[in-house]
Amino acid sequence: MLISGRSITMNSTMDEMNLLHHPPTHHLVARDISEEIDLEIGPGDDDPPFATTPLIAVSQEPTSAEEPEEQKALLLVSHTPSENQDLTKLQQVKRKKKVVKKWREEWAETYKWAYVDMNEGTSRIFCSVCREYGRKHRRNPYGNEGSRNMQMSALEEHNNSLLHKEALRLQMASKDKSLPIVERPIYVKPLMSKTAGSIVEAVFRRDPHDVEFIQSVQEVVHSLEPVLVKNSQYVHILERLLEPERMIVFRVPWMDDKGEPHVNRGFRVQFSQALGPCRGGLRFHPAMNLSTAKFLGFEQTLKNALSPYKLGGAGGGSDFDPKGKSENEIMRFCQSFMDELYRYLGPDQDLPAEDMGVGPREMGYLFGQYRRLAGGHFQGNFTGPKIFWSGSSLRTEATGYGLVFFARLLLAEMNKELKGLRCAVSGSGKIAMHVVEKLLSCGAIPITVSDTKGFLLDEDGFDYVKFSVLRDIKVQQRCLRDYLKSYTRARYFENMKPWNERCDIAFPCATQNEIEQSDALNLVNSGCRILIEGSNMPCTPQAIDILRKGKVLIAPAKSASAGGVAVGELELNHEYNLMHWSAEDFESKLQEMIKQTYEKSIKEANNYGFPKDSPEALVHGGNISAFLNLAQAMSDQGCV
């Protein structure tokens, strides 16, 4: 099995990042394109000519290397012997000069494959594909092993080595035809207390590759610093909380329509049952992994703890991609997935819900297989009331509508209203489409939606007629570009995000970390003043720092999307199942739940020193309130 290694990154923002320290035998190296570098490698028995030869050397000016041979000969003839001697001395001086050179762009490309590590006390240059070092990855293929001008030749030798070619062959044979070579570095935010810092470091040491989970933990621990300082007994509770109660990883074999077998990996992380049975989504997406499942389970645990209902938290799914699959293929996969997972589900244990790539169709197939395996009983509900396993309209609308109600609540605190405001929305799934629908009913002007290929912009804003066109496109699983056939004034931007468009409010409803540092700068410059998180953790830590400096108010998903949690719990209540809510009753109940969540977050923020008008108040207040509920339950139940 091929394991990806570390690589040298060249992101100009890395200078502002503080990387967690690896063990003493590992060194992460980060350099900017315009930065000087002096990278030395130690002697080795396998490569004596490189005992004192640095990896990067000073070369002659490029212009001299590009001159034709005839021109060089003429120049040499025109010199007198004394001039030749002076020229030779000058060249020798240059060769003896300290080996420091501007990190050129072509050299950066050369050493993307490399990283620095220690081997028997000696610094070595390792290949991040092969995870090997030695002359086959470093020597000059033209025979002059003592040459210091070997930047480009080292890459040729590396790519031509048999070991590297075998690694590439294994990559091409893998399922997705490529294995990631570069791991995304973990951005570590400075923590004021040593206790909080030690908690994060312990998580990193235990699971150093769970990037999404560590990012989520850092945000929560940052919010909980004043809580830990005020009451030290919470430290041990938090340490227990950050380790999931149960992590299930299993194989999912299935057969396509051609009779060819395939295998995917399934995940379910039951993070905490301190407050009640687990509830959380299932996500089918190629990028799904254990880190994402842990992050989703942790976020769902806090989100459920913030609601007024007694629910635990879970997350999971599979790296299966339902796009492009037939109905029968999806059904066979869902049945195989449930063959393993069903034994961990039940009304008093775990209640799965919809997430990305899992809708009513997938939930129906999953529930049907669960019912057969569980003995034919309708016990354990998935996303809706009993028997209606695929979820009612209340469930699917609640999250999207709740985001808009939360935005309207924030604007009311500022003595403003939503009518007439330009809103940028990302995503085009259930949540995003219900956000657009409710924005229209409130008089706002939604101008964007997005999919995996790019984003659609309508400067005039969507109306109900345009929204029906969008909905038909999504139902037929077509690209948003088809919208241009009906409305030629709209524009579709390939491989771009909607965050550079002029807007007043942003609704990221696509996936985690969709708003990066550059996107945050674009949002601030485009006039955005409120960001309502529809997806879990849509902003990177660097983006959050920029948004806060730009005075953009962030409404976290734990609070803003709590409507889906609350309505889902109400649907499980037998008394509410018998009620036929009107649209007015449903929206009134949802707004009441959203208001309770908002007031609870603001109250806890004020109790721990975060003023109401602070851009961080809602984030910190929500995390604190959710944690205190969990901590009380865990304390009452003993060391569990």
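See above for the structure.
A brief structural summary. It should be emphasised that the depicted structure is a prediction, and the values quoted were computed from it without experimental measurement. (Residues numbered from 1 in each chain as written. Predicted model: local features only at pLDDT ≥ 70, side-chain atom pairs only at ≥ 80, totals over all residues. Heavy atoms only, no water.)

### Remarks on the overall build of the protein
Per the secondary structure count, the protein includes 22 helices and 16 strands. Expressed as a percentage of its 640 residues, the buried residues of the protein come to 52%. For the protein, the computed accessible surface area is about 30,300 Å², with 52% contributed by carbon and sulfur atoms. (Helix = DSSP H or I, 4+ residues; strand = E, 2+ residues; numbered from the N terminus. Buried < 20%, exposed > 50% of the residue type's maximum accessible area, 1.4 Å probe, protein only. Areas by Shrake-Rupley, 256 points an atom, 1.4 Å probe, with all protein chains shown as cover.)

### Section: the side chain of Gln270
Relative to the elements of secondary structure, Gln270 occurs in strand β6 (residues 261–272). Engagement of the side chain of Gln270 in a polar contact is seen with the backbone oxygen of Tyr344, the distance being 3.0 Å. Only 3.0 Å separates the side chain of Gln270 from the side chain of Asp350, close enough to count as a polar contact. With sequence-adjacent residues up to four places away left out, Gln270 is seen in contact with Pro244, Glu245, Arg246, Ile248, Cys278, Gly313, Ala314, Tyr344, Gln349 and Asp350. (Polar contact = N/O pair within 3.5 Å; in protein donor to acceptor, adjacent residues only side chain to side chain. Contact = heavy atoms within 4.5 Å.)

### A look at the packing of aromatic side chains
Scanning all chains against the criterion turns up 17 aromatic pairs. Here the aromatic rings of Phe284 and Phe337 are separated by 5.5 Å at their centres, their planes lie at 70 degrees, and the arrangement is edge-to-face. Of this pair, Phe284 sits in strand β7 (residues 278–284) while Phe337 sits in helix α11 (residues 327–341); the two residues are 53 residues apart in sequence, bridging distant segments of the chain. Taking the relative accessible area as the measure of exposure, Phe284 reaches 2% and is therefore buried. An aromatic cluster is defined as three or more aromatic residues linked by ring pairs; in this entry it consists of Phe250, Trp254, Phe284, Phe320, Phe333 and Phe337. Over the ring of Tyr401 we find Lys438, and its NZ or CZ is 4.5 Å from the ring centre. (Phe/Tyr/Trp six-rings, centres within 6.5 Å; stacked < 30°, edge-to-face > 60°. Lys NZ or Arg CZ within 6 Å of the ring centre and 35° of its normal.)

### Thoughts on the sheet that holds strand β16 (residues 553–555)
Strand order in this open sheet of seven strands is β13-β12-β11-β10-β14-β15-β16, and the pairing throughout is mixed. Two strands bound the open sheet, and with one partner strand each, they are β13 (491–494) and β16. Each adjacent strand pair in this sheet contributes to an overall mean axis angle of 15 degrees, direction not counted. Pairing between strand β10 (residues 422–426) and strand β11 (residues 445–451): three bridges, direction parallel. Opposite Arg422, over in β11, you have Ile445 as the bridge partner. (Pairing = 2+ DSSP bridges. Axes fitted to C-alpha atoms, helices over the stretch in contact; angles between N-to-C directions.)

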